[in-house]
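# Analysis of the macromolecular model
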Amino acid sequence: MNKLRRSMLFLPGANAAMLSTAFIYRPDSIMFDLEDAVALREKDTARLLVFHALQHPMYQDIETVVRINPLSTPFGLADLEAVVRAGVDVIRLPKTDTPEDIFELEGHLERIERECGREVGSTGVMAAIESAVGVINAVAIARSSPRLIGIALAAFDYVMDMQTERSDGTELFYARCAVLHAARAAGIDAFDVVWSDVNDEAGFLREVELIRKMGFNGKSLINPRQIDLLHNAYAPTQQEVDHAQRVIEAAEEGERNGLGVVSLNGKMVDAPIINHAQRVLERAAASGVRR
Ligand SMILES: CC(=O)SCCNC(=O)CCNC(=O)[C@H](O)C(C)(C)COP(=O)(O)OP(=O)(O)OC[C@H]1O[C@@H](n2cnc3c(N)ncnc32)[C@H](O)[C@@H]1OP(=O)(O)O
Ligand SMILES: O=C([O-])CC(=O)C(=O)O
Ligand SMILES: [Mg+2]
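Here the structure is a predicted model, which means the values were calculated and not measured. (Residues numbered from 1 in each chain as written. Chains lettered and ligands numbered in written order. Predicted model: local features only at pLDDT ≥ 70, side-chain atom pairs only at ≥ 80, totals over all residues. Heavy atoms only, no water.)

### Re the overall build of the protein
Per the secondary structure count, the protein includes 12 helices and 10 strands. For 291 residues, the compact-globule estimate of 2.2 N^0.38 gives 19 Å, and the C-alpha radius of gyration of the protein, at 20 Å, lies within 12% of that figure. Summarising its shape, the C-alpha atoms of the protein cover approximately 65 × 45 × 35 Å along the three principal directions. Looking at the protein residue by residue over its 291 residues, the buried ones come to 50%. Long-range contacts, defined here as pairs at least 24 residues apart, represent 69% of the contacts in the protein between residues at least 6 apart. Across the protein, the centroid of the 31 positively charged side chains sits 3 Å from that of the 42 negatively charged ones. (Helix = DSSP H or I, 4+ residues; strand = E, 2+ residues; numbered from the N terminus. Rg over C-alpha atoms; globule rule 2.2 N^0.38 Å. Buried < 20%, exposed > 50% of the residue type's maximum accessible area, 1.4 Å probe, protein only. Contact = heavy atoms within 4.5 Å. Lys, Arg positive; Asp, Glu negative; His and termini not counted. Charge placed at Lys NZ, Arg CZ, Asp CG, Glu CD.)

### Quick notes on the nonpolar core
Counting residues in hydrophobic clusters, the biggest one holds 64 residues, and the most contacted among them are Phe-32, Val-66, Ile-68, Val-83, Ile-91, Leu-105 and Ile-151. It is helix 8 (residues 173-186) that contributes the most residues to this core, 6 residues altogether. In contact with Ile-68, other than residues within four places in its own chain, are Leu-34, Glu-35, Gly-76, Asp-79, Leu-80, Val-83, Ile-91, Arg-92, Leu-93, Pro-94 and Leu-105. (Core = buried A, V, L, I, M, F, W, Y, C linked by side-chain atoms within 4.5 Å.)

### Regarding the site of ligand 1
Around ligand 1, the structure places 15 residues, and the nearest of them are Phe-10, Arg-67, Ile-222, Asn-223 and Arg-225. A distance of 2.9 Å separates an oxygen atom of ligand 1 from a polar side-chain atom of Arg-67. Separating an oxygen atom of ligand 1 from a side-chain N or O atom of Arg-225 is a distance of 2.8 Å. Expressed as a share of its isolated accessible area of 960 Å², the protein-covered part of ligand 1 is 57%. (Near = heavy atom within 4 Å. Polar contact = N/O pair within 3.5 Å; in protein donor to acceptor, adjacent residues only side chain to side chain. Areas by Shrake-Rupley, 256 points an atom, 1.4 Å probe, with all protein chains shown as cover.)

### Looking at the sheet that holds strand 1 (residues 7-12)
Spatial ordering of the closed barrel is given by 1-2-3-4-5-6-7-8, a layout of 8 strands whose pairing is parallel. The average undirected angle you get between the axes of adjacent strands in this sheet is 25°. As paired elements, strand 3 (residues 63-67) and strand 4 (residues 90-93) share 3 bridges and run parallel to each other. Considered in strand 4, the bridge of Val-66 is made with Ile-91. (Pairing = 2+ DSSP bridges. Axes fitted to C-alpha atoms, helices over the stretch in contact; angles between N-to-C directions.)

### Some thoughts on the coordination of the magnesium ion (ligand 3)
The coordination sphere of the magnesium ion (ligand 3), as far as protein atoms go, consists of Glu-130 (OE) and Asp-157 (OD), spread over 2.0 to 2.2 Å. Here Glu-130 is found in the loop between strand 5 (124-129) and helix 5 (132-136), whereas its partner Asp-157 is found in helix 7 (residues 155-161), with 27 residues between them in sequence. Accessibility expressed as a relative area gives 5% for Glu-130, which makes it buried. The class of Asp-157 is partly exposed, set by a relative accessible area of 25%. (Donors = N, O, S within 2.8 Å, 3.2 Å for Na, K, Ca; no water.)

### Re the site of ligand 2
Around ligand 2, a shell composed of Phe-10, Arg-67, Arg-92, Glu-130, Ala-154, Ala-155, Phe-156, Asp-157, Val-194 and Ser-220 is seen. One of the backbone N or O atoms of Ala-155 is found 3.1 Å from an oxygen atom in ligand 2. The side chain of Asp-157 places a nitrogen or oxygen atom 2.9 Å from an oxygen atom of ligand 2. Burial of ligand 2 by the protein chains amounts to 93% of its free accessible area of 270 Å². Judged by the fraction of its atoms near the pocket grid, ligand 2 is located in the second largest pocket. Examining the composition of the shell around ligand 2, we find that 3 residues originate from one element, helix 7, more than from any other. Partitioning the shell around ligand 2 into residue classes produces 5 nonpolar, 1 polar and 4 charged. (1 Å grid on protein atoms, 1.4 Å probe; cavity = no way out; pocket = protein on both sides within 12 Å on 5 of 7 lines; lining within 4 Å. Sits in = over half its atoms within 2 Å of the grid points. Nonpolar A, V, L, I, M, F, W, Y, C, P; charged D, E, K, R; others polar.)

This is a description of form; function is not addressed.
Here you go:
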């Protein structure tokens, strides 16, 4: 099974207190932000703090992601130089509009990796899609580099670009479908948007249920309280696990009898159903059963 990436916890790179404790919350990936959660006058401090945090022993057994500033800003390249040398696992490129944005990033990554003795190609990339142009180009972006581990929809900038606002999800309907299909067509992960009202658990869970059913791998998060809610909602129920076990048993019996398709309580069990059952069992083994 691929690495589980349900939760990616953002934290502002200039917040020294959060940097020194965030690993205790155990998200699947931790995302240090150097972009919009960092004020202009704190850009250099944040870069230095994140450079040190990445090398801290506590961050060695958790996937680390850094959202750099766009390469078109005065900070983007300096961010990249620092965090690749510090051993970051994945670079999140904000406001990715075209495959050329990824090619530009790749060029720099390859040079920095050579200069600092990192294996060339070992730094992963995640593209954040935050505009209509980015959504339209999602397939080309998702296929632009073998370094891409996933693409993420970033709703706050996207709704601004679309001249609308965050509401019940209608405003993200097309973008979610487009980003998800692009990721699947490219064989990479798809991440849903940030839920900003950390005290509205019911609203968060409604959104999680929607994106889980759509097929997203997970979500960008902004608060540790959202991690367990998300992981629990993504875990299969005991009923689903029991059913998956019965499907596997029925399939095994069918195989012993030389049958390609068998019936379980009147429902057909064939290859895609068996694959799904295997995935449910793998997920239960990796993330437990829903409470
Ligand atoms: C549109 C975008 O670009 S979104 C991406 C960028 N945004 C961010 O990175 C924001 C990250 N999140 C945060 O800064 C905060 O969670 C806020 C501002 C949203 C809410 O802050 P608070 O109301 O103080 O959160 P809360 O009361 O739940 O904090 C509880 C504890 O969790 C810690 N915490 C809160 N958020 C985070 C986080 N993202 N990462 C690590 N620790 C965190 C707090 O420091 C606090 O720790 P303490 O108990 O040791 O003091
Ligand atoms: O990248 C994200 O998930 C958050 C973000 O910048 C946005 O919504 O504009
Ligand atoms: Mg944004």
